[in-house]
Amino acid sequence: MSGSPQPTGSPPHTPLRPMWCCRACGGPWPCATARLVLKAEHEHDLIGLAIYLCGQLHEATRDLYRLNPNEAPGPQALFARFVGWTPFRRTIVSPPPD
């Protein structure tokens, strides 16, 4: 890939910790632009993208629960925000009935 997928002349869409909001647009990170940039940067390494985002999920969970344990997003919301949007994931299979 040639060059960076990040638009030139604009602030990077990176996380501002410990709140985990986007430095550029203020939305929850990864924002829509950050997701596009991450997909472009990892277009040939989707497993690497998933591993990176799982690490970010871990860090965000720790930070957000330390900031305000009563108001932090739940596990499902955090998973959807950090990992659930990635192009590489398996479908959830329901367990067999008892």
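Structure's up top.
Below is a short write-up of the structure. Please read these numbers as outputs of a predicted model, since none were measured by experiment.

Turning our eyes to something else, we now look at the overall build of the protein. Counting its secondary structure elements, the protein contains three helices and two strands. Partitioning the intrachain contacts of the protein with sequence separation of at least 6 by distance along the chain shows that 49% fall at a separation of at least 24. Total accessible area on the protein is roughly 6,700 Å²; 59% of this is exposed by carbon and sulfur atoms.

This part is about the nonpolar core. Judged by nonpolar contacts, the single largest core of 16 residues is most densely connected at Trp20, Trp29, Leu38, Leu53, Leu64 and Phe82. Sorting the residues of this core by element identifies helix H1 (32-41), helix H2 (46-67) and helix H3 (75-84) as the ones contributing at least two each. With five residues, H2 is the single largest residue contributor to this core. Excluding its chain neighbours within four sequence positions, the residues that come into contact with leucine 38 are Trp29, Pro30, Leu49, Tyr52, Leu53 and Trp85.

Moving on to the pattern of salt bridges. What the rule picks out here adds up to three salt bridges. Salt-bridge contacts for glutamate 59 lead to arginine 17; the nearest nitrogen and oxygen are separated by 2.9 Å. A residue pair is termed long-range when its members are at least 10 positions apart, and glutamate 59 in helix H2 and arginine 17 in the loop between strand E1 (15-16) and strand E2 (21-22) qualify at 42 residues. Owing to a relative accessible area of 40%, arginine 17 belongs among the partly exposed residues under this scheme. Put simply, arginine 62 and glutamate 59 hold a salt bridge, and the shortest N to O gap is 2.3 Å. Note that arginine 62 and glutamate 59 are positioned in helix H2 at a spacing of three residues, about one turn of the helix. Residue class for arginine 62 comes out partly exposed when judged on its relative accessible area of 34%.

Here the bond from arginine 17 into proline 18 is cis, since omega is 10°, no more than 30 degrees from zero. Inspection of the secondary structure puts proline 18 in the loop between E1 and E2. At the junction of tryptophan 29 and proline 30, the peptide bond is cis and its omega measures out at 5° in the coordinates. Tracing the chain through its elements places proline 30 in the loop between E2 and H1. The phi dihedral of tryptophan 20 falls on the positive side, at around 60°, and the residue is not glycine.

For H2, which comprises 22 residues, the first-to-last C-alpha distance of 31 Å matches the rise-based estimate of 32 Å (1.5 Å per residue) to within 8%. Along H2, the residues that are buried comprise Gly48, Leu49, Ala50, Leu53, Gln56, Leu57, Ala60, Asp63 and Leu64. Check the buried side of H2 and you find it contacts E1, H1 and H3.

This next bit is on the packing of aromatic side chains. All told, the structure shown has three aromatic pairs when counted by the stated rule. Arranged with centres 6.0 Å apart and planes meeting at 50°, the rings of tryptophan 20 and tryptophan 29 form a pair that is tilted. A residue is classified by how much of its surface remains accessible, and tryptophan 20, at 1% relative accessible area, is buried. Looking at tryptophan 29, the relative accessible area reads 2%, which means it is buried.

What counts and what doesn't
- Note that residues are indexed from 1 along each chain, following the sequence as it is written.
- Totals for whole chains, interfaces and linings use all residues, but because this is a predicted model, local features are given only for residues with pLDDT of at least 70 and pairs of side-chain atoms are given and counted only at 80 or more.
- To obtain the side-chain values, all non-hydrogen atoms of the structure were included, while hydrogens and water were left out.
- Counting from the N terminus, the helices are the DSSP runs of H or I reaching at least four residues and the strands are the DSSP runs of E reaching at least two.
- Any two residues whose heavy atoms approach within 4.5 Å are treated as being in contact.
- With residues, only the protein chains shown are counted as cover, and all accessible areas are computed by Shrake-Rupley using a 1.4 Å probe.
- The nonpolar core is taken to be a set of buried Ala, Val, Leu, Ile, Met, Phe, Trp, Tyr and Cys residues, with the residues joined through side-chain atoms within 4.5 Å.
- Under the scheme applied here, a residue whose accessible area is under 20% of the maximum for its type counts as buried, over 50% as exposed, and between as partly exposed, the area being computed with a 1.4 Å probe on protein chains only.
- Counted as salt bridges are all cases of a side-chain nitrogen of Lys or Arg within 4 Å of a carboxyl oxygen of Asp or Glu.
- Helix span is expected to be 1.5 Å times the residue number reduced by one.
- Aromatic rings from Phe, Tyr and Trp, taking only the six-membered ring of Trp, are treated as a pair when their centres fall within 6.5 Å; an angle between ring planes under 30 degrees marks them as stacked, one over 60 as edge-to-face, and anything in between as tilted.

Interpretation in functional terms is not warranted from these geometric data alone.
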